[in-house]
Amino acid sequence: MKLLKCIVRPSALEKVKEALSALGVMGMTVSEVKGYGRQKGHKEVYRGAEYNIDFTPKLEIEVVVGEAIAERAIDAIKEAATTGNIGDGKIFVLPVDQVVRIRTGEMGDSAI
Amino acid sequence: MKLLKCIVRPSALEKVKEALSALGVMGMTVSEVKGYGRQKGHKEVYRGAEYNIDFTPKLEIEVVVGEAIAERAIDAIKEAATTGNIGDGKIFVLPVDQVVRIRTGEMGDSAI
Amino acid sequence: MKLLKCIVRPSALEKVKEALSALGVMGMTVSEVKGYGRQKGHKEVYRGAEYNIDFTPKLEIEVVVGEAIAERAIDAIKEAATTGNIGDGKIFVLPVDQVVRIRTGEMGDSAI
Amino acid sequence: MHGSPDPVTTGHRSRSRFRRALVMLGLAAWLIPGAAHADGLDSGDTAWMLTSTVLVLFMTIPGLALFYGGLVRAKNVLSVLMQCFALTSMVTLIWILWGYSLAFDTTGMEAGVLNLSSFVGGLEKALLRGVGIDALVGTIPETVFVTFQLTFAIITPALIAGAFAERMKFSAMMLFMAIWSTLVYAPICHMAWGGDGAFFWDKGVLDFAGGTVVHINAGIAALVAAILLGKRRGYPETLIPPHSLVLTVVGASMLWVGWFGFNAGSALAANGTAGMAMLVTQVATAAAAFAWMLVEWVKHGKPSVLGIVTGAVAGLVAITPASGSVGPMGAIAIGLISGCVCFLGATSLKHKLGYDDSLDAFGVHGVGGIVGALLTGVFAGESLGGQGLAEGMTIGSQLAAQFVGVLVTVVYGAVMSYIILKLVDGFIGLRVAEDEEDRGLDISLHNEQGYYSEV
Amino acid sequence: MHGSPDPVTTGHRSRSRFRRALVMLGLAAWLIPGAAHADGLDSGDTAWMLTSTVLVLFMTIPGLALFYGGLVRAKNVLSVLMQCFALTSMVTLIWILWGYSLAFDTTGMEAGVLNLSSFVGGLEKALLRGVGIDALVGTIPETVFVTFQLTFAIITPALIAGAFAERMKFSAMMLFMAIWSTLVYAPICHMAWGGDGAFFWDKGVLDFAGGTVVHINAGIAALVAAILLGKRRGYPETLIPPHSLVLTVVGASMLWVGWFGFNAGSALAANGTAGMAMLVTQVATAAAAFAWMLVEWVKHGKPSVLGIVTGAVAGLVAITPASGSVGPMGAIAIGLISGCVCFLGATSLKHKLGYDDSLDAFGVHGVGGIVGALLTGVFAGESLGGQGLAEGMTIGSQLAAQFVGVLVTVVYGAVMSYIILKLVDGFIGLRVAEDEEDRGLDISLHNEQGYYSEV
Amino acid sequence: MHGSPDPVTTGHRSRSRFRRALVMLGLAAWLIPGAAHADGLDSGDTAWMLTSTVLVLFMTIPGLALFYGGLVRAKNVLSVLMQCFALTSMVTLIWILWGYSLAFDTTGMEAGVLNLSSFVGGLEKALLRGVGIDALVGTIPETVFVTFQLTFAIITPALIAGAFAERMKFSAMMLFMAIWSTLVYAPICHMAWGGDGAFFWDKGVLDFAGGTVVHINAGIAALVAAILLGKRRGYPETLIPPHSLVLTVVGASMLWVGWFGFNAGSALAANGTAGMAMLVTQVATAAAAFAWMLVEWVKHGKPSVLGIVTGAVAGLVAITPASGSVGPMGAIAIGLISGCVCFLGATSLKHKLGYDDSLDAFGVHGVGGIVGALLTGVFAGESLGGQGLAEGMTIGSQLAAQFVGVLVTVVYGAVMSYIILKLVDGFIGLRVAEDEEDRGLDISLHNEQGYYSEV
Ligand SMILES: Nc1ncnc2c1ncn2[C@@H]1O[C@H](COP(=O)(O)OP(=O)(O)O)[C@@H](O)[C@H]1O
Ligand SMILES: Nc1ncnc2c1ncn2[C@@H]1O[C@H](COP(=O)(O)OP(=O)(O)O)[C@@H](O)[C@H]1O
Ligand SMILES: Nc1ncnc2c1ncn2[C@@H]1O[C@H](COP(=O)(O)OP(=O)(O)O)[C@@H](O)[C@H]1O
């Protein structure tokens, strides 16, 4: 099983959700993060003073999927989240040893 | 060492904290996330318009533990966080290569 | 490739960012988290009632780096984030199977 | 006008004639026999009008700014506050330079005579010429009257801003409003409150505190703007809830308390008319809020705070034209009816017709204003506990007069708003670029953020 | 005044008789010789009373709503705002339908005669019968008096809501308050301010602006409700800090400024009594805030803003009954004492006795009200810089009278509140379900969220 | 003083003499022939002054508290609210104990005679001796005058707090302000508004509502404090944006509406002077806001809401001394000029000189106050639409007088502020420890958090 840790633009959430649903992936966990990267921040001016806003608001979407569909999920996310501009984000793929569904105690693929 | 990434209901925090303490696990890191899964969101109505609130507030509790107690920690969390209703959440178990305590530079199990 | 999951004090962000930049690591993702550990929380008193604030505000800085510089990055972060007091935080090192740059579809080291 | 030295009708001295006049037109009554010598000044009336002016300004900043600001997404909150604040500033300058004169200069007017001056004032009072420290309107300094009326001229365009929130260019908004204040607000204000010879006034239209002038006028411009600008991106597929109903409730509360300046202040005196206006305002507002809450409770299963505060605003709007003419029981009726009708206006009408009036400026102010204007004609009747209809009127003829007032405002306002918007669109464009809308207007247009959390 | 041929009862002209009466009962004094002819109207007094009415409404929405709203958890913030807003609406309707009549109809009352009318008014003024545009109370329109008094009737139940915040059903709350307003508020209000023949009034109880009527009354109902409803889930093991002290400080500030309408407005005129009431209100509030801050600084090592604002509210409560009777030095004393005593009330008493008065409605309003009512008996004495005790009273006898007022309010209020709550409990249940409480009342009861952050 | 039974100058009765006096000094005019018998009381004037007092208190809590609170980082928001609230409490006690007496006791003063009493009042009125319920100042109760003036004494130190926000010890702040209020505020207030014999008054300095007394005075103390305390940690390398511009805009709006109490209230009556003061206040504020917006639009490409609200405050400050002397066109000029100059003050001056005036207390209040004081000398001239210069003055001599007023305030204020701060520093230290500053003052000094989100 893999954890896909996707850093995307806030505006991509809806599309990513739909793309994953289309693949049958029905769960995900989202958090608000701030990103720093090639996409430069911007300057805001408050009473003449320049403030460097280095970090850009991003969403981190975490999805755990079975090996079987990991590839397809990555492609789907990639497609859904791309605008072609710097700052579209990354997908980090991490190995997952085990998944437990708290409610039932189920484990492994069936717990996802 | 393992990272237990637990997605749980906000109301479970206190109990999970106690269950882990009982095992001697004294550290954890918590963040507010939004979850999407079998537990459906709900509709809110503002001036007659229906808004689909797809995401449910969850907490993500991240705990790194030594291999030795990983199993027991998982069981403890499972027990503490379960209500039996859809939406209780998941535990994702990820391998951890290394842990460093910033203050002392200690590494490995002793740094947890 | 490795994911360095660094739990640090909020005040350390600027220095960590600089330390990483100095190494040529130009990307990172940051989120606000609450930490529980050896550093005890504190009590706040509201109208005579004591509230235990167990959790301390921390930042979680996630950086994915190539194997090559992982060590150096860890050292740099350690140095930048240390104050010597309890609560400086941890670095958790996790294996990363794959990295995808959403915009271009690049993969692996070049996508970081 | 304000130069006449006849002190007879000032204050509550000639109560019955005074009542008669107020029943007809509220503010306008005072314009006729104003005495310019200092002896006519009543310190109590002045005290109340100074206070009322403060209250009505308070309605716009921060009241309306918060009411609207809470309803948008966090990324657009400052743009809404900015609109309210910038309009407050710009309209102030317009008003003292030419607006007040276009609205309240009575040169050339004569009772019963229809001429250009029936529709718009001249420029005799431009730059506030002649508005010295001793000039009076009725029993209060004209300076206070100018400022009081200014606060009405401010809130009207600010209300419109609810219709195009989250997508209009700031520059286009300012340009549109500068022209609209001059070509639409001032004339309608003049027709309603210009005194003898003014179009609505001579027709006997009752509009005590601004049902036509402020609310219908704003509502119809809002509707036109909402349609012309088109929907927000993603509307209505991906609706985003209000980012802070707390702000919205605070804003609504401020509107409620400030509205006493609006309605009771429109008596231009601290007297029985003001007192009754305050009472009926409170009653109608409560009734409308209560009605909305109940309807929603029945229809959606739960009463919401956004519902009850919107109902309150609907009630405030509807009682506005009636607040000098009806009694407490009429106020209950107006409140209950307007609460229910505006519920439909904001919840069904909009979705059925498919335009995107972001914050229901038309659904509440337009609809509520029309309901109120018409019901004024009904509940002003003494048989229904009111203070009496305009002179020589029956409920039927009064309703007809009210209808004319509504119709002219709607038609004139719609046509003019359309033309001005089209012009501005051609000139600088009305709408922000797509990516600006996505990033939010706060960053795109003002390079600021409403809330900044240190990371 | 302006034109009236009968100067006897107006304003500051008959100062001594006026003072005498005010010292006794504040508001009530005005009810006796009210003149119904328009000529008695004083525009200055009316201006101030219109303003005071606005200020007292402002205390509830948004003042109290924010003060309370900031203290609860984010998931319950709207439920608190909703309670304040819905009570404002409902009590308004009750008041004009029957409440005002039950409180202020004086039919059948006679000085020194104890009969049913000593305890509650009749229904002669139901539906505001006879409250026309010309009716006066003292020198102001009766419409203004009705609305001013209404704002007191609104804030009293809203204060109670602090006790059962975060766990009471909205429907049960509304039902309870509808009955309570009728069966508890109106009678106590009548006893205190009903004029000659009214129970407290004839006993010479001093309650200038509502120490018994509003604060003790609300405080005791709050205590009963807190006990009957039981503790919030998790209390006191897992205490959750206030979600936004910023809102709470803003609300407290609004209460402070609005309270000038409450206290100085209770003079029912813009005169020396109003001026002194304003001054002593400011002084006592500052002293209480300062005292709380110091006590806390000493006891907990740090002064907190929640502490100082709570102290300010305690001072406002305590000076309320005294504000027509004491001088600035008495106000300092009342402030310092009430600040210290309420500190104990909100911090120790509650925890010792173990009930969960969520937002300290009893600890501040109940305790502060009682302290204030008793101290009024002391510091009204001329020897202590006050305006003088009620006629023929010594400090001892005045204290006894004050004690009777407190006792009757406490006992009657407690018993009635208990009965009504039990009835409502049997009928629809008082408390939300456990999972509703866990999810938060905003979602559970109103299907809304206070703050929505786009994900 | 207030005991003289001469009723001649009360109210609007002797309009021309009244005008003359007001043109000179605003408040001071009223102090001279105050009549103590009840007959001189004007209920309308009293109503307006009660209201104005409420408005000016509202400016500090919650107005200024929010304006400043929004501009700091979230971890310091409560410390700012706390400063405003605690100052409100402490200054109230100081004022009634000795402050009012030092400012307004006129014992020993004589027109044209320069003695100690020209600079500071005596202690005859300490503990408010003689300020009974019947004492009058002009046509209003002296109690109201005391409270009205108190609100000025409160806001002045609160303004200073903007300069050292986010780093000063609470204890040091309180100690400094207690001394400063006594040794700086009271004397400057006395010199300006003490009446015949007072230093500024005898020089013919025009300061209608507190340009020198409040704004320059606060601004210069702010500058000294900013320099003495040193920069915030990390300034200016790591600038952190305001945590909530929403709060700041709300606060600015409240300052705007409250300022009508400040300026129009300084007429001490509800008359033509008050009306004109209200009008010119509105106009200058709008002009300054508009000017700042335009300058910023041109210079930075985008107009910001922080910019426009800061401009509004600049305009409010600058019109303050002029509000009893200029006409609407002069107000436009003052507004436009002050908007542009304060833009430079807050954006360039500070960064060039390198001190860290956290919230621009000097840049806006100091600079705006000086600009306003000087321009008052220009636009008061009748040729420029003003109400006329002080008696026997030309624009040149008036400007010289204004300059003297500014200079004395700046020099005296700077020297005294420096000495007091140094003393307090030696005694308890001015600045919090580094780690306290890093954690934020809310936790460090008050053990509280502004916003608490349940995890
Ligand atoms: N090495 C990294 N480790 C963690 N997060 C990263 C890393 N590099 C980039 N990111 C995240 O991805 C986001 C987008 O990266 P950026 O370099 O701006 O553009 P792009 O994704 O188009 O290459 C960043 O804002 C940051 O959140
Ligand atoms: N595949 C997944 N990847 C990441 N998070 C998931 C996934 N599936 C579920 N979750 C998280 O777990 C939460 C609970 O899942 P849900 O399907 O609602 O109920 P249950 O845990 O009872 O099966 C979700 O809200 C989401 O945050
Ligand atoms: N086992 C753990 N798993 C996850 N996070 C941890 C763990 N232990 C500590 N942390 C995180 O590291 C932070 C610092 O740890 P703490 O024990 O307080 O001090 P130190 O890092 O100096 O040992 C904690 O606040 C928590 O966020």
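Residues numbered from 1 in each chain as written. Chains lettered and ligands numbered in written order. Predicted model: local features only at pLDDT ≥ 70, side-chain atom pairs only at ≥ 80, totals over all residues. Heavy atoms only, no water.

## Notes on the overall build of chain A
- Within chain A, the regular secondary structure consists of two helices and seven strands.
- Along the chain direction, N to C, the helices and strands of chain A fall in the order β-α-β-β-β-β-α-β-β.
- Relative to the 2.2 N^0.38 estimate, which gives 13 Å for 112 residues, the radius of gyration of chain A is 17 Å and therefore markedly larger than a compact globule would have.
- Each of the three principal axes of chain A carries a C-alpha extent, and together these read 60 × 30 × 20 Å.
- The buried share among the 112 residues of chain A stands at 59%. (Helix = DSSP H or I, 4+ residues; strand = E, 2+ residues; numbered from the N terminus. Rg over C-alpha atoms; globule rule 2.2 N^0.38 Å. Buried < 20%, exposed > 50% of the residue type's maximum accessible area, 1.4 Å probe, protein only.)

## A closer look at unusual backbone geometry
- Of note, the amide linkage connecting Ile61 of chain E to Pro62 of chain E takes the cis form, showing an omega dihedral of 5°.
- Look at the link from Tyr235 of chain E to Pro236 of chain E: it is a cis peptide, with omega at 0°.
- You can see Pro236 of chain E is positioned in the loop between helix 8 (211–229) and helix 9 (245–263).
- Positive phi outside glycine occurs at Arg47 of chain A, with the angle close to 45°.
- One can find Arg47 of chain A in the loop between strand 3 (42–46) and strand 4 (49–53).
- Despite not being glycine, Leu128 of chain F has its phi angle at roughly 55°, a positive value.
- Checked against the element boundaries, Leu128 of chain F lands in the loop between helix 4 (77–104) and strand 1 (136–137).
- On the basis of relative accessible area, Leu128 of chain F is assigned to the buried category, the value being 4%.

## Side note on the site of ligand 1
- Close to ligand 1 lie 22 residues, the nearest being Arg38 and Gly87 of chain A together with Thr29, Arg101 and Arg103 of chain C.
- One chain alone does not account for the residues near ligand 1; they come from chains A and C.
- One of the backbone N or O atoms of Gln39 of chain A is found 2.9 Å from an oxygen atom in ligand 1.
- Note that a nitrogen atom of ligand 1 is positioned 2.9 Å from one of the backbone N or O atoms of Val64 of chain C.
- Burial of ligand 1 by the protein chains amounts to 99% of its free accessible area of 540 Å².
- Elements represented by at least two residues in the shell around ligand 1 include exactly strand 2 (28–36) and strand 6 (89–95) of chain A together with strand 2 (28–36) and strand 5 (56–65) of chain C.
- For the shell around ligand 1, the class distribution of residues is eight nonpolar, seven polar and seven charged. (Near = heavy atom within 4 Å. Polar contact = N/O pair within 3.5 Å; in protein donor to acceptor, adjacent residues only side chain to side chain. Areas by Shrake-Rupley, 256 points an atom, 1.4 Å probe, with all protein chains shown as cover. Nonpolar A, V, L, I, M, F, W, Y, C, P; charged D, E, K, R; others polar.)

## Comments concerning empty space enclosed by the protein
- Scanning all chains against the criterion turns up eight cavities of 30 Å³ or more.
- Considering only enclosed or pocket space, the largest cavity measures out at about 240 Å³ in volume.
- Put simply, the parts of the chain that give the lining of the largest cavity at least two residues each are helix 3 (43–71) of chain D, helix 3 (43–71) of chain E together with helix 3 (43–71) of chain F.
- Grouping the amino acids of the lining of the largest cavity by side-chain chemistry returns 12 nonpolar, three polar and no charged. (1 Å grid on protein atoms, 1.4 Å probe; cavity = no way out; pocket = protein on both sides within 12 Å on 5 of 7 lines; lining within 4 Å. Points joined across faces, edges and corners; volume = space filled by probe spheres on them.)

## Let's talk about the site of ligand 2
- If you check the shell around ligand 2, you find 22 residues, and the closest are Thr29, Arg101 and Arg103 of chain A together with Arg38 and Gly87 of chain B.
- Chains contributing residues near ligand 2 are chains A and B.
- Arg103 of chain A places a side-chain nitrogen or oxygen 2.7 Å from an oxygen atom of ligand 2.
- For the shell around ligand 2, the elements supplying multiple residues, two or more each, are strand 2 and strand 5 (56–65) of chain A together with strand 2 (28–36) and strand 6 (89–95) of chain B.

## Some points on the nonpolar core
- If you look at the biggest cluster of nonpolar residues, it comprises 500 residues, and the most contacted ones within it are Trp48 of chain D, Trp48 of chain E together with Trp48 of chain F.
- Among residues more than four places away in sequence, those in contact with Trp48 of chain E are Leu55, Phe260, Ala264, Gly265, Ala269, Ala270, Ala274 and Met278 of chain E together with Ala47, Leu50 and Thr51 of chain F. (Core = buried A, V, L, I, M, F, W, Y, C linked by side-chain atoms within 4.5 Å. Contact = heavy atoms within 4.5 Å.)

## As for the interface of chain F and chain A
- Across the contact, 15 residues belong to chain F and eight residues belong to chain A.
- When the two sides are added together, the surface that chain F and chain A hide from each other amounts to roughly 1000 Å², 66% of it contributed by carbon and sulfur.
- Linking chain F with chain A are one salt bridge, by the criterion used here.
- Where Arg47 of chain A meets Asp360 of chain F, a salt bridge forms, and the shortest distance between an N and an O atom there is 2.9 Å.
- If you look at where chain F meets chain A, you find three residue pairs in polar contact (both at pLDDT 80 or more).
- Looking at the side of chain F that touches chain A, the elements with two or more residues in it are helix 3, helix 11 (305–319) and helix 12 (328–353) of chain F.
- Take the side of chain F that touches chain A: its biggest share by element is three residues, from helix 12 of chain F. (Buried area = accessible area lost by both parts, 1.4 Å probe. Salt bridge = Lys/Arg side-chain N within 4 Å of Asp/Glu carboxyl O.)

## Remarks on the packing of helix 12 (residues 328–353) of chain D against helix 13 (residues 361–379) of chain D
Residue and element names in this part refer to chain D.
- One can describe the packing of helix 12 onto helix 13 by two numbers: an axis separation of 9 Å at closest approach and a directional angle of 150°. One element, helix 12, and the other, helix 13, form an angle in the roughly antiparallel class. As for the relative orientation of helix 12 and helix 13, their crossing is right-handed in sense. On the side of helix 12, the interface is formed by Gly330, Ala333, Ile334, Ile337, Ser338, Val341, Cys342, Gly345, Ala346 and Leu349, while helix 13 contributes Phe362, Gly363, Val364, Val367, Gly368, Val371, Leu375 and Phe379.
- Of the residues that constitute the contact of helix 12 with helix 13, the class distribution is 13 nonpolar, five polar and no charged. (Axes fitted to C-alpha atoms, helices over the stretch in contact; angles between N-to-C directions. Parallel < 35°, antiparallel > 145°, perpendicular 65-115°, else oblique. Left-handed = near helix turned anticlockwise from the far one by under 90°.)

## Remarks on the relation of the copies chain E and chain D
- For the pair chain E and chain D, the relating rotation is 120°, the translation along its axis is 0.0 Å, and the fit reaches an RMSD of 0.0 Å. When the rotation and shift are considered jointly, the pair of chain copies conforms to a three-fold rotation axis. For chain E, the smallest separation between a C-alpha atom and the rotation axis is recorded for Gly44 of chain E, amounting to 2.1 Å.
- When you check the interface residues of chain E against chain D, a mere 9% turn up at the interface there too, and the two sides of the contact use different surfaces. (Least-squares fit on C-alpha atoms with pLDDT ≥ 70 in both.)

## Comments concerning helix 13 of chain D
- A rise of 1.5 Å per residue sets the reference length of helix 13 of chain D, with its 19 residues, at 27 Å; its end C-alpha atoms lie 25 Å apart and thus fit the reference within 8%.
- Burial analysis of helix 13 of chain D places 16 of its 19 residues in the buried class, the great majority of the element. (Expected span 1.5 Å × (residues − 1).)

## Re the side chain of Glu44 of chain C
- When you line up the elements, Glu44 of chain C lands in strand 3 (residues 42–46).
- Within the buried core, Glu44 of chain C has no salt-bridge partner, and the shortest N-O distance to an opposite charge, that of Arg439 of chain F, equals 6.8 Å.
- If we ignore the near neighbours within four places in the chain, the residues touching Glu44 of chain C are Ala49, Glu50, Tyr51 and Ile53 of chain C together with Ile443, Asn447, Glu448 and Gln449 of chain F. (Lys, Arg positive; Asp, Glu negative; His and termini not counted.)

## Thoughts on the interface of chain E and chain D
- At the junction of the two partners, chain E supplies 58 residues and chain D supplies 56 residues.
- When the two sides are added together, the surface that chain E and chain D hide from each other amounts to roughly 4600 Å², 78% of it contributed by carbon and sulfur.
- Counting every contact that joins chain E to chain D gives zero salt bridges.
- On inspection of chain E and its partner chain D, the count reaches nine residue pairs in polar contact (both at pLDDT 80 or more).
- Of all the elements in the fold, those that place two or more residues in the side of chain E that touches chain D are helix 3, helix 4 (77–104), helix 5 (142–160), helix 6 (170–193), helix 9 and helix 16 (441–446) of chain E.

## As for the confidence of the model for chain D
Residue and element names in this part refer to chain D.
- Per-residue pLDDT for chain D averages 91, and the proportion of residues at 70 or more is 91%.
- Segment residues 1–38 is flagged for pLDDT under 50; beyond a separation of four residues in sequence, or across chains, it makes 117 contacts in the model.
- We note a pTM of 0.95 for the whole complex and an ipTM of 0.94 for its interfaces. (pLDDT = per-residue confidence, 0-100.)

## Some points on the pattern of salt bridges
- As enumerated under the stated definition, the model contains 54 salt bridges over all chains in all.
- Note that Glu14 of chain B and Lys17 of chain B form a salt bridge whose closest N and O atoms lie 3.3 Å from each other. You can see Glu14 of chain B and its partner Lys17 of chain B sitting in helix 1 (residues 13–22), three residues apart, about one turn around the helix.
- Relative accessible area serves as the criterion here: at 5%, Lys17 of chain B is assigned to the buried category.
- Ionic pairing is found between Glu434 of chain D and Arg233 of chain D, a salt bridge with its closest N-O pair at 2.8 Å. Note that Glu434 of chain D is positioned in helix 15 (residues 434–439) and Arg233 of chain D in the loop between helix 8 (211–229) and helix 9 (245–263), a separation of 201 residues in sequence.

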